Structures are given as C-alpha cells and as structure tokens.
Amino acid sequence: MSAPAAQRVRHLIGEEWVDASDGGEFETRDPHDGSLLGTVARGTVEDGRAAVSAARTAFDEGPWPRMTPKERAQVLHAVADAVDAHRDELALLETRDGGKTITQSLHAEIPRVALNLRFFADYAAMAANEAYPDGGLLSYTLYPPAGVVSAISPWNAPLMLATWKIAPALAFGNTVVLKPAPHTPLTAARFASLALEAGLPEGVLNVVHGFGGDEVAGPLTSDPRVDRITFTGSSATGAAVLAAAAANHTPVSAELGGKSANIVFADADLDVAVPQSIRAIFAGNGQVCLAGSRLLVQNSVRDEFLARFTAEAEQLAVGDPKEHSTFLGPLIEQRHLDKVHSYVELAQTEGATVVTGGERLGGELAGGFHYPPTVLTGLTNASRTAREEIFGPVVTVLGFDTEEEALGIANDSPYGLAGMLFTQNLDRAHRMAARWRAGTVWINTFFERDLRLPFGGEGISGVGREGGRYSREFFTEPRAVMLRLRDQVLR
Ligand code: NAD
C-alpha cells in the first residue's frame, strides 16, 4: 500500500466543503515518522454554529427524519458497502494518522465501522414497539428521532468510535454534527465524502474539525438547537461537556476513561490467561479505554504467571504500524509520551519495580513516539499509578489471596468501565460478575462485543449506555400513545 499525499481537510457543512471561518488551520502528522499528512480547518465557534444550523435545517425540513427506518437502512447499507470497498484506503489513513497497527485497522476497526452501520440500520428497521391491547384501550410506544445530535469522538479508535455514534443516530432518523479528535481527522473526512456519494442526503451528516469548548466544540455542547450529545473521551472533558449541556437540559451519553482490573485466579488456564492479558493491556498500545491496566494475580500463581507474561511482553514487536508484524505502533503524540513516561517515574517514587520496559525507545524508532511494553510491580492499589488512567502500554501488577480481596481491589477505583476475569470456576465467575462495579465484565476472554448489549461505564467512566435498545432510547424521544375504543374488543 502506498502512502497517501498530504491533503487539505475541510469541514463538511450541509453539502459544502468549507475552510474555517477565519481561515485557521492545524496540522496532522504521522506519529511514527512525523511526516505531514494534512492541513486541517481549525473550526471556530462560528463554524460550530453553522454546522448545527445545517443539521437543524436538514432535520426540520429534509427527507431523512421522514423516511421509514427501512428506507434509511438502505442508505446506511450503501454507506457500509462503500466503507468495505475502501477498506484498504481507510485502514491506511487510520494507521498513518493515529499510529494504530495496520493489522488492527484492516482486520478490526474498519470492518467494525461497516458493522456499526449495518447493525444499527437493521436494528432500527426491525426493532419492535411495545403495544398493550387492554379491552377498550390500546396503548403503544412511538420512537420518533430526537433531532440534532452532536457526536464528539476521541483519537484512539477514530472512525470506529465515530460510527458507533453516527450509525445509531442516523438509523433512528436524527441528523448529526460530528467532531473528530484533532489528532485524527482524516478518516472522518473521507468517510463523510463516501457517505454523500453513497446517497446520504445533504446536511444529515456534518463534520467539523478542531478543538474544545472555546472553539468549534463550544456550540456542539451549548447550542440549544442540539437535542442530544454523544461524547467519548476523557473523564475530565466529559465533566466539562456535561456542565455545558446542563444549561439547556440537553441529554448526554458520555463514554469516558477507565482503569480496569484484570483478575487471574490460580485455577485459570494460563494458556488463555497470559495471551489475553497481554492483549488486554498492550493491544492498541494501552491507548484503549477498556485496557486491563491493573493486573491482579493470585499470589499462589503470581511468579509463574508473571514470568510468562513478562517474557511474552518482551517478544512483542514495537515499530512501524504499517508493518503487518508490528504489535505496538507509536503513541499518539510527544505530550502523551511524556505523560506515560511521567507515570513510570511516579511509580518508581511510589516504590515500584520496573520489571520490563520503562524507557522511551530510540535508535531506528527515535523519530516516532515509541514506548515499550512496561510491567510494574511493588505497588498497592492506593498508589496514584494504580488509580489514575495512564492510557499507555503500562501495567501495574498487584497480588491477592482471596476472591473477596480481589473484588475489593477491583471495585476500589473511581472508574467503573470494564473488568476481566480468568478462572475455571464458573460459580465464582458469575458471583463476581454480579458484584463487579463495571459496565462490562469479560470472563476468560477480552474485548469481544455484541452490539445488542449495553456499553458504558459506572463512576467517572461514564453516564448512560449505548448499544441495541439502549441506543434507541437515547437517540429517540419515546412517546406513549393511548387510544380509547368504543368497544372492549382488544385482548
Ligand atoms: P479528550 O477528552 O481529550 O477529547 C475527546 C474529544 O473531546 C476530542 O474530540 C476533543 O477535541 C473534544 N473536546 C475537548 N474539549 C472539549 C470541550 N470542552 N467540549 C467538547 N469537546 C471537547 O479525550 P482523548 O484524549 O481524545 O481520548 C482519550 C480518552 O478517551 C481516554 O480517557 C479514554 O479512556 C477515553 N475513551 C473512552 C472510551 C469509552 O468508550 N468509554 C472509548 C475510547 C476512549
């Protein structure tokens, strides 16, 4: 696959591709080699308002909300077909813009983009509405679209997470303003052009680029013409979004940070637990909200597990994310690399031993933001390293003796996004899943998803759930309708 040339990335507002109102731009660069990939419109408050206006007009006057769910599904399937047809191109863009490995872009994330579209298209077309026939009274529910949706997404899984929001919003008849993260604008822009070509009516999907609340994102969270905000990002930014939305009572779905526990019991099959635990923290470079960044290992098996885990971590290939053999590409940017490394330094002042990793990689990789898989021991769950989200390839290994102790440590966190558990004792597995303060619990596996299930977090990991019927409830205004008949005929 050849590298694409640097491009100019503009906003899509209505049917127009436009520059920022003040002509401002910013650069997006490849975090592996620093090469310039694009100059991007740096959206202003005015641009944000213009995009909301376009989405408002498309909702109030355009065909999209008035089409049947089946008609909308046809268009969304055509968009998914276009994504499939451009999978190689989109995957390379994603890999160059954000440093994600090409294997993951090609085989996981871009296919999931198409799946998001197909799943919600079909879900909306086939979802049942409740109806309660009761003698002379027929009661039923309608699910009209909510209106204009602001979708604000992060850089760590750019198009996959953007379409996790856009697909249900569109399938249920809303119009959207998407703001991708400034680090990774390229796939959102390409996706929008493919969507228009595939038949999405103008103004239904608007894309603006740039930064936070003082700039283009401001109107997306504070304009009263916005009916829903779906946000994925850090817990701190999530709080700012919730505060901005509160002024207009705009409902927010917020998918935020994590510090998930991964618990390995002595009775676990280590041939499963070791590679899954490696994936849980090092896939995607640990820049994954769900990452198993607190690894709890039962003391009786701790030495054996740690030896195998560390040996496997040291074998992982770090390097050019465009190579199919690479497991860890670069971190997203210098500032983030500095943050990740500062946590390793902090951990050492907190008493940690660095078992492997812990230093930025130089040599051939000096031109990128590369950091090795890093394993820390010797800390307690009270340390800042174990409590704060690092969002890098750094795992804190903690020991425990009993199930009760393990669950206590897992739940002793301000976050509550996910949990992983490795055991062959199914009674214990179900018992723990029922008491785990986390939006998702994986047992003897990691990262598998069923889009019908609720996805979200407890505590500072989020507000609300999306997925299947949870997305329908968020992106519609459920309405109760009651009809009185003259006769008592309904059974
Ligand atoms: P971030 O919070 O810095 O930015 C997220 C998005 O919000 C970006 O598009 C950003 O430009 C925008 N933004 C910034 N300030 C804003 C404001 N005041 N108002 C509106 N929008 C604003 O997050 P990030 O660094 O891009 O992403 C990493 C974070 O996202 C991590 O904490 C990670 O755990 C979290 N995340 C959560 C999930 C989940 O599903 N729970 C998934 C992926 C990432």
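Residues numbered from 1 in each chain as written. Predicted model: local features only at pLDDT ≥ 70, side-chain atom pairs only at ≥ 80, totals over all residues. Heavy atoms only, no water.

## Quick notes on the sheet that holds strand 13 (residues 261–264)
Stated precisely, the cut-off is as follows: The criterion for strand pairing is that DSSP finds at least two bridges linking the strands in question. Under the scheme used here, helices are H or I runs from DSSP no shorter than 4 residues and strands are E runs no shorter than 2 residues, and both carry numbers assigned from the N terminus. Fitting a line to C-alpha atoms yields each axis, with helices limited to the stretch in contact; the angle taken between N-to-C directions then spans 0 to 180 degrees. Between two residues, a contact is recorded if the distance between any of their heavy atoms is within 4.5 Å.
With respect to topology, 7 strands assemble into an open sheet ordered 15-16-17-14-13-19-20, the strand pairing being mixed. At either end of the open sheet lies a strand with only one pairing partner, and these are strand 15 (353–356) and strand 20 (440–443). Looking at each pair of strands side by side, their axes are set apart by 25 degrees on average, direction ignored. Bridge count between strand 13 and strand 19 (residues 418–422): 4 bridges; the pairing is parallel. Within strand 19, the position partnered with Asn262 by the bridge is Met420. Lying on the sheet, helix 13 (residues 403–411) is in contact with strand 13, strand 14 (294–298) and strand 17 (394–400); it crosses strand 17 at an angle near 145 degrees. Docked against the sheet, helix 14 (residues 426–435) engages strand 13, strand 19 and strand 20, running at close to 170 degrees with respect to strand 20.

## Some words on empty space enclosed by the protein
What counts here: A 1.4 Å probe that fits but cannot get out identifies a cavity on a 1 Å grid over protein atoms alone, an open set with protein on both sides within 12 Å along at least five of seven lines counts as a pocket, and a residue lines either if it has an atom within 4 Å of a point. Grid points are joined across faces, edges and corners, and a volume is the space filled by probe spheres set on the points. The classification used treats Ala, Val, Leu, Ile, Met, Phe, Trp, Tyr, Cys and Pro as nonpolar, Asp, Glu, Lys and Arg as charged, and all other residues, Gly among them, as polar. For the domains described, the bounds stem from an automatic or database domain assignment.
This structure, assessed with the given rule, holds 4 cavities of 30 Å³ or more. Estimates place the volume of the largest cavity at around 130 Å³. Considered class by class, the residues forming the lining of the largest cavity number 4 nonpolar, 9 polar and 1 charged. Residue assignment places the lining of the largest cavity across two domains, with domain 1 (7–256 + 461–479) and domain 2 (261–443) each supplying three or more.

## Overview of the layout of surface pockets
In this structure, the largest pocket occupies an estimated 1000 Å³ of space. As for the largest pocket, its lining consists of 40 residues, of which Trp155, Phe231, Gly233, Ser234 and Thr237 are closest to the centre. No other element matches the 6 residues that helix 8 (residues 235–246) contributes to the lining of the largest pocket. The residue inventory of the lining of the largest pocket, partitioned by class, reads 19 nonpolar, 14 polar and 7 charged. Residue contributions to the lining of the largest pocket reach at least three from each of two domains, namely domain 1 (7–256 + 461–479) and domain 2 (261–443). Here the second largest pocket is characterised by a volume of approximately 650 Å³. Around the second largest pocket sit 28 residues that line it, and Gln104, Ala108, Glu109, Met160 and Phe447 are the ones nearest its centre. Mapped by element, the contributors of at least two residues to the lining of the second largest pocket are helix 4 (102–126) and helix 5 (158–171).

## Observations concerning the site of the ligand
Worth spelling out the cut-off: The nearness test applies per residue and asks whether one of its heavy atoms lies within 4 Å of the molecule or strand. Think of a polar contact as two N or O atoms within 3.5 Å of one another; within protein, one of them needs to be a possible hydrogen donor and the other a possible acceptor, and neighboring residues in sequence only count if both atoms come from side chains. Per-residue accessibility takes into account occlusion by the displayed protein chains alone, with areas from the Shrake-Rupley method and a 1.4 Å probe. Should more than half of a molecule's atoms lie within 2 Å of a pocket's or cavity's grid points, that molecule is taken to sit in it.
Not every one of the 28 residues close to the ligand is listed here, only the nearest: Ser153, Ser234, Thr237, Leu256 and Glu389. In the environment of the ligand, an oxygen atom lies 2.8 Å from a nitrogen or oxygen atom belonging to the backbone of Ser153. In the environment of the ligand, an oxygen atom lies 2.9 Å from a nitrogen or oxygen atom belonging to the side chain of Trp155. Against a free-state accessible area of 850 Å², the protein chains account for coverage of 87% of the ligand. The cavity that encloses the ligand is the largest pocket. Of all the secondary structure elements, the ones that give two or more residues to the shell around the ligand are strand 11 (228–232) and helix 8.

## Describing helix 11 (residues 334–349)
The test is simple: For a helix, the expected span equals 1.5 Å multiplied by the number of residues minus one.
End to end, helix 11 covers 23 Å across 16 residues, agreeing with the expected 22 Å (1.5 Å per residue, within 8%). Buried positions along helix 11 lie against strand 15, strand 16 (374–377), helix 12 (384–387) and strand 17. Looking one or two residues beyond helix 11, the residue adopting positive phi is Gly351, at roughly 105 degrees.

## A short note on the packing of helix 2 (residues 69–85) against helix 4
As a reminder, the rule being used: Angular relationships are summarised with four words: roughly parallel below 35 degrees, roughly antiparallel beyond 145, roughly perpendicular across 65 to 115, and oblique for the angles in between.
Running from amino to carboxyl end, helix 2 crosses helix 4 at an angle of 170 degrees, the nearest separation of the two axes being 8 Å. Judged by the angle between their axes, helix 2 and helix 4 are roughly antiparallel. Here Pro69, Lys70, Ala73, Leu76, His77, Val79, Ala80, Asp81, Val83 and Asp84 of helix 2 lie close against helix 4, whose contacting residues are Ile110, Val113, Ala114, Leu117, Arg118, Ala121, Asp122, Ala124 and Ala125. Considered class by class, the residues forming the contact of helix 2 with helix 4 number 13 nonpolar, 1 polar and 5 charged.

## Notes on the sheet that holds strand 6 (residues 131–134)
Sheet architecture is open: 3 strands sit in the order 6-7-23, paired in antiparallel fashion. The outermost strands of the open sheet, each flanked by one partner alone, are strand 6 and strand 23 (479–484). Direction aside, the axes of adjacent strands within the sheet are offset by 15 degrees on average. Where strand 7 (residues 137–142) meets strand 23, 6 bridges bridge the pair, whose relative direction is antiparallel. Its bridge partner lying in strand 23, Leu142 is registered against Arg479.

## Focus on the packing of aromatic side chains
Put simply, the rule reads: Working definition: rings of Phe, Tyr and Trp (its six-membered ring) pair if their centres are within 6.5 Å, and the pair is stacked with planes under 30 degrees apart, edge-to-face with planes over 60 apart, and tilted otherwise. Each residue is assigned to one of three classes by its accessible area relative to the maximum for its type, calculated with a 1.4 Å probe on protein chains only: buried under 20%, partly exposed between the two thresholds, exposed over 50%. Either the NZ atom of lysine or the CZ atom of arginine qualifies as a charge over a ring when it sits within 6 Å of the ring centre and within 35 degrees of the ring normal.
Per the counting criterion, the structure on display carries 14 aromatic pairs. For the pair Trp164 and Phe455, a centre-to-centre distance of 6.1 Å together with 90 degrees between the ring planes defines the contact as edge-to-face. Placement of the pair is Trp164 in helix 5 and Phe455 in the loop between strand 20 and strand 21 (458–459), with a sequence separation of 291 residues. There is no split in this pair, since Trp164 and Phe455 are both buried. Measuring from centroid to centroid gives 5.0 Å for Phe474 and Phe475, while their planes differ by 75 degrees, and the two rings are edge-to-face. By relative accessible area, which is 0% here, Phe475 ends up buried. Ring pairs connect the aromatic residues Phe119, Phe120, Tyr123, Trp164, Phe172 and Phe455, which therefore count as one cluster. Positioned over the ring face of Phe265 is Arg428, at 3.8 Å from the centre of the ring. It is Arg449 that lies over the ring of Trp164; its NZ or CZ is 4.9 Å from the centre.

## A short note on the domain arrangement of the protein chain
The parts lose accessible area when they come together, and the size of an interface is often stated as this lost area. For clarity, the threshold we go by: Once two parts are joined, some of their accessible surface, as seen by a 1.4 Å probe, is lost; buried area is that loss totalled over both. By convention in these notes, a salt bridge is any Lys or Arg side-chain nitrogen within 4 Å of a carboxyl oxygen on Asp or Glu.
Assigned domains within the protein chain: domain 1 (7–256 + 461–479) and domain 2 (261–443). Taking both sides of the interface into account, the surface hidden between domain 1 and domain 2 amounts to around 1900 Å²; carbon and sulfur atoms contribute 58%. Together, His32, Trp155 and Ser461 form the three largest contributors to the area buried by domain 1 at its contact with domain 2, with a combined 31%. Joining domain 1 to domain 2, the criterion identifies 0 salt bridges. Here domain 1 and domain 2 share 9 residue pairs in polar contact (both at pLDDT 80 or more) between them. Residue assignment for the side of domain 1 that touches domain 2 shows that the elements contributing at least two residues are helix 3 (87–98) and helix 4. Examining the composition of the side of domain 1 that touches domain 2, we find that 5 residues originate from one element, helix 3, more than from any other. Residue classes in the side of domain 1 that touches domain 2 are distributed as 6 nonpolar, 13 polar and 6 charged.

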